[in-house]
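Residues per chain, in single letters:
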4 protein chains.
Amino acid sequence: MSKIKSIGVLCSGGDSPGMNCAIRAVVRSAINAGLDVYGIQRGFSGLLEGNIKKLDVSSVGNIIQHGGTILQTSRCLEFHEADIRKEAAHILKRKKIDALVVIGGNGSFNGTYALHSEHGIPVAGIPGTIDNDISGTDYSIGFDTAVQTAIDAVDKIRDTASSHERTFIVEVMGRKSAAIALHVGVCTGAENVVLPSDTLNIEEIAKDVKRGISRGKNSSIIIVAEGEKEGLSHRIREELKNDHGIDSHVCILGHIQRGGNPSGIDRFIASGMGYIAVKDLIKGEKAIVTAYRHGEVVTVPFSECLEKKTDYLPQYINLVKTLSI
Amino acid sequence: MSKIKSIGVLCSGGDSPGMNCAIRAVVRSAINAGLDVYGIQRGFSGLLEGNIKKLDVSSVGNIIQHGGTILQTSRCLEFHEADIRKEAAHILKRKKIDALVVIGGNGSFNGTYALHSEHGIPVAGIPGTIDNDISGTDYSIGFDTAVQTAIDAVDKIRDTASSHERTFIVEVMGRKSAAIALHVGVCTGAENVVLPSDTLNIEEIAKDVKRGISRGKNSSIIIVAEGEKEGLSHRIREELKNDHGIDSHVCILGHIQRGGNPSGIDRFIASGMGYIAVKDLIKGEKAIVTAYRHGEVVTVPFSECLEKKTDYLPQYINLVKTLSI
Amino acid sequence: MSKIKSIGVLCSGGDSPGMNCAIRAVVRSAINAGLDVYGIQRGFSGLLEGNIKKLDVSSVGNIIQHGGTILQTSRCLEFHEADIRKEAAHILKRKKIDALVVIGGNGSFNGTYALHSEHGIPVAGIPGTIDNDISGTDYSIGFDTAVQTAIDAVDKIRDTASSHERTFIVEVMGRKSAAIALHVGVCTGAENVVLPSDTLNIEEIAKDVKRGISRGKNSSIIIVAEGEKEGLSHRIREELKNDHGIDSHVCILGHIQRGGNPSGIDRFIASGMGYIAVKDLIKGEKAIVTAYRHGEVVTVPFSECLEKKTDYLPQYINLVKTLSI
Amino acid sequence: MSKIKSIGVLCSGGDSPGMNCAIRAVVRSAINAGLDVYGIQRGFSGLLEGNIKKLDVSSVGNIIQHGGTILQTSRCLEFHEADIRKEAAHILKRKKIDALVVIGGNGSFNGTYALHSEHGIPVAGIPGTIDNDISGTDYSIGFDTAVQTAIDAVDKIRDTASSHERTFIVEVMGRKSAAIALHVGVCTGAENVVLPSDTLNIEEIAKDVKRGISRGKNSSIIIVAEGEKEGLSHRIREELKNDHGIDSHVCILGHIQRGGNPSGIDRFIASGMGYIAVKDLIKGEKAIVTAYRHGEVVTVPFSECLEKKTDYLPQYINLVKTLSI
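Small disclaimer: the values here were computed from a predicted structure and weren't measured.

**Considering the sheet that holds strand β6 (residues 167-172) of chain A**
Residue and element names in this part refer to chain A.
Piece 1. Ordered by their spatial adjacency, 4 strands build an open sheet running β7-β8-β6-β9, and the pairing between neighbours is parallel. If you trace the sheet from one side to the other, it starts and ends with β7 (192-194) and β9 (249-252), each paired once. Across the sheet, the mean angle separating the axes of adjacent strands is 20 degrees when strand polarity is ignored.
Piece 2. Two elements, β6 and strand β8 (residues 220-225), share 6 bridges in a ladder whose sense is parallel. Across the sheet, the residue bridging to isoleucine 169 is isoleucine 222, located in β8.
Piece 3. Across the sheet, helix α8 (residues 232-244) touches β6, β7, β8 and β9, and the angle it forms with β6 is around 160 degrees.

**Some remarks on the interface of chain C and chain D**
Piece 1. Contacts between the two partners involve 34 residues from chain C, matched on the other side by 34 residues from chain D.
Piece 2. Counting every contact that joins chain C to chain D gives 2 salt bridges.
Piece 3. With a closest N to O distance of 3.6 Å, glutamate 165 of chain D and arginine 42 of chain C form a salt bridge.
Piece 4. Inspection of the chain C/chain D interface yields 14 residue pairs in polar contact (both at pLDDT 80 or more).
Piece 5. The leading source of residues in the side of chain C that touches chain D is helix α5 (residues 143-164) of chain C, at 9 residues.
Piece 6. Taken together, the residues of the side of chain C that touches chain D sort by class into 7 nonpolar, 19 polar and 8 charged.

**Overview of the relation of the copies chain A and chain C**
Piece 1. You can overlay chain A on chain C at an RMSD of 0.0 Å; the transform is a turn of 180 degrees with a shift of 0.0 Å along its axis. Between the two chains, the operation in question is that of a two-fold axis. Across chain A, the rotation axis passes nearest the C-alpha of histidine 294 of chain A, at a separation of 1.9 Å.
Piece 2. A share of 100% of interface residues in chain A that are also interface residues in chain C marks the association as one of identical surfaces.

**Thoughts on the pattern of salt bridges**
Piece 1. Scanning all chains against the criterion turns up 60 salt bridges over all chains.
Piece 2. Measuring nitrogen to oxygen at the nearest pair gives 2.9 Å for the salt bridge that ties aspartate 247 of chain D to lysine 241 of chain D.
Piece 3. What makes aspartate 247 of chain D exposed here is its relative accessible area of 53%.
Piece 4. With relative accessibility at 42%, the residue lysine 241 of chain D sits in the partly exposed group.
Piece 5. When salt bridges with common partners are traced through the structure, they connect Glu204, Asp208, Arg211 and Lys321 of chain A into a single cluster.

**Some points on the interface of chain A and chain C**
A common way to express how large an interface is: the accessible area buried when the components associate.
Piece 1. Each partner contributes residues to the interface: chain A has 40 residues there, and chain C has 40 residues.
Piece 2. In total, chain A and chain C occlude about 3600 Å² of area from one another, counting both sides; carbon and sulfur atoms represent 59% of this.
Piece 3. In this structure, the connection of chain A to chain C is made through 2 salt bridges.
Piece 4. In this structure, the salt-bridge partner of aspartate 155 of chain A is arginine 267 of chain C, at a minimum N-O distance of 2.7 Å.

Procedures and definitions
- Residues numbered from 1 in each chain as written.
- Chains lettered and ligands numbered in written order.
- Predicted model: local features only at pLDDT ≥ 70, side-chain atom pairs only at ≥ 80, totals over all residues.
- Heavy atoms only, no water.
- Pairing = 2+ DSSP bridges.
- Helix = DSSP H or I, 4+ residues; strand = E, 2+ residues; numbered from the N terminus.
- Axes fitted to C-alpha atoms, helices over the stretch in contact; angles between N-to-C directions.
- Contact = heavy atoms within 4.5 Å.
- Salt bridge = Lys/Arg side-chain N within 4 Å of Asp/Glu carboxyl O.
- Polar contact = N/O pair within 3.5 Å; in protein donor to acceptor, adjacent residues only side chain to side chain.
- Nonpolar A, V, L, I, M, F, W, Y, C, P; charged D, E, K, R; others polar.
- Least-squares fit on C-alpha atoms with pLDDT ≥ 70 in both.
- Buried < 20%, exposed > 50% of the residue type's maximum accessible area, 1.4 Å probe, protein only.
- Buried area = accessible area lost by both parts, 1.4 Å probe.

What follows is the structure, encoded as structure tokens:
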């Protein structure tokens, strides 16, 4: 069995802070091992357009500290089609790219795994999404930075909430994923957290806010995961007002959560993942994901990382509530 | 003419980062000069409720670095009524508070000046509002921190915008004031800035975005001052989409701009203003505002600082446009 | 066996960011469970002086986001003496404190465990030290924030190093512990890392710097753990100059690494540790430490957490070197 | 008189945050006006080596938010020699560079002015140095960011100082300039500030520390400008210990003060300065500096900006002392 001599790397799906660290680790580890490395611009869309260039060690100099991704990224819906993947496989062969590293979420992982299954191309997935919702790994790159950005924002909002004795509803990212909201809730001393899987319970939120006021708190913060339907926070504000006479303000943190310099955790894990992805592809692995499990970066079969993780640990809700009494 | 022996201090209107620095400077300067100092909680509302306590040097220890205000603040609409101000004057006299320092915006300044005019109470105003829109002073406390917070947010959005080749519409605070939007526009390399006083010109925004794309830019940022009618940014997004086929995302920065640790500039100017306010009240001044003019903290007649400043320097728009070609 | 009805909490040894989060979690969890809680000021020294006050839920309001510790801390050498610990046990009994939570490093844990062994007082240890060098736990509170502070500093130094084509030697904390230096090395793209356990190899450092220059790098960063003997970084600078003709600058990051707002990770883990410490003491545990193992907060026997952890994972050195080629 | 058709831009001396903003403004303003622009790498040294490349609008894309300088910088001592400047003038003519913009401190300004005087080359100086010590301008680019970095560091040190009831001596940059030390002193609530021009008065420092302790402060911070002789802070520590029995810790902030993302103020002023420098050179000005005076960017004769500014406003010392009682 012949060894791989070259490797391609791309980012796919939403960007997340730390992708640059993973790219840097892939490129330098591969060059250090004697491989050629190709950067594929704009995800699978760029691959299909042949938007590919050879990278050297300097290509990834001075990027470890920057958010975003120098390779850019895209959501490529047509990659769900087998024909399109066949074309991608041809392009990779024509460009003499023997293996592919894909940094992205579980949507991108599904396409990557299909590409491997159908065309035999060795692939490594590096989990990169701020939602931390990929099955098979405890962590995906960008989550810590996103949580930190949201925490910093809520800390600022707490300043003004306390100065005015106000209630704020702060909406964080998470269409289906509770992870950001739960962590931000614990870390900011929020009075309540509303999660995508929950049935909205305005009575309870109102009770928490009123209890806080009655024991002398000068502000309340409710953290809301955005959920799948736009407008949740505004709906909560209106119901708090109409049904419980509670005035509140809405803050939607939005896209600031995707950017910013990657945190230490994200840099560290992304560096380890990029390094091990290349190492294992060189060893002859065919379809792996660099997962974070039990506090360590390991590689696991690609097939374990294709689902969206929607569960969360209910004890954290309890933690939020107990600690904000 | 008898000298003042005690001083009260309160915050009024919206909170702004640096108010704590001003409070600290007032308290320590006054105590250093042998005066008694009283902290009035929650603005004029707190004054009317007698929510007043004597402060010592330790009361303001370790607050210089924190956003918000330890005295809290409020908007007290009833203070527009002469009867209510009369009551306030009585309370001040009963509490033996000889002079009053008010940290706030021009709405609060109007009430303060009326209190002085009608009841002879010596007053000093310290300009504190993130909007920097008080007549008679080039600067009001909190503006630099608010601008910095917005810049940091746009820097993060730029990361994700560049990674996805996207256009973002970022809404900053400023109902009538162009100041934050203009500064953020210059400092983030925005492609265009929409100001409260402008007639909305979607054609021009679309032209700027398209020019940027055609010359190879991988992202565009439009900074929008919120204006007086909610929903401006969403309206711009829809018109860009419908009339010009341009996809864009909206980010409304909101209340994060009010909080956060005060910047060096805000700490420095607030400290100087608190110091000079007390000094001049002790000297016998009756109605002054600590203004920032030509790069210096000075005191000016209160009557010069009662209006909302709505003008801005049009050359900055030109600067934004020239520098983002 | 009677249940505990009250709990005392103190910080001991060097302070670390996140101690406030742990204090808050202990206080609120205990009050929520119906216990009385006593804050002991300034560590074991304060305990011996009877510097103890009852805390309520508001005592720990609005502290989750602040560095340092509201209880203050101290190194109490005399606590190594059995007589002194006997006195401490008496004081606890007199004040009706049934159990003690100690937040600190392994020196403090030894004293705490002796107090328990000799006098039967139920104790829980919460690992708090930026050095992350306590046996039996993968993490101690403050480490992530300290690493982040050092990374932010090195990012700034990288700016000026790149602008001037310079070599910088950056000294981070770690007398015996390699943890901060290794993480900062990986996360900042350092060219080399010098660890406490290493024999200093100037030749290799010089080789790394020269290799970087010859391949076109415009700056080099060497991360040095301070070690036990002051002056290591300056010695390296002199040897690089004298023996290899390499000019370099020294930056000693020092105490800034101990302060600052706790990061999300530190807030999250500290909150979980405080919560579980109280829960398990109430359950009847007598001597536990809240350890972080395999990505989770668990409780383990106190006796497992008494040593200083000096090992580190040698693969990280390899990672630093491979990724900075 | 013929108009200039091209312009060169370089950075000289120590780097400072915001230089990239000034470069961007020069490049885009010049291209917008139809000029050719040349970036000169590594200051006057690079000019002498012909290290010059033509820049386009994209060359300065996405740099406004980054510290350091993409053109790099150097101290070129040989530029003090007339022969060398003659050579530089020849190179500029050969490369068809009609005018030169120099971003730097007053050392660099002297060389630039001599180049103009001797060879008639139109020049514009943009003040860029964190020391803010150039005559003729109230501000030079980088000062605000450097002060902010130092403030952030002292805020962190305050956390640990308060937790341990300690005294810290924090050394900031400023060989001859008092500006950083004074601003940091005011903005961090320091107990005392030691300036380059002062005779060291240990008695007074000791008195301030002791007064703070006796009135219940739990920490003291002394800000020290580095001065011209290394080791000042350590000398203060020893004298405090030996003569007054006061224990203290030393923190030397060092080069972190030169780096970091430029603050809003630095971005704003640098953008304005770059813009106006180009505008006035095009108008036909021959030797100007873009100065900040009375809160505005203006151009002034080059000859007014050749000295080092060593005076400072003594009232700030008084402010530090009054506010830290």
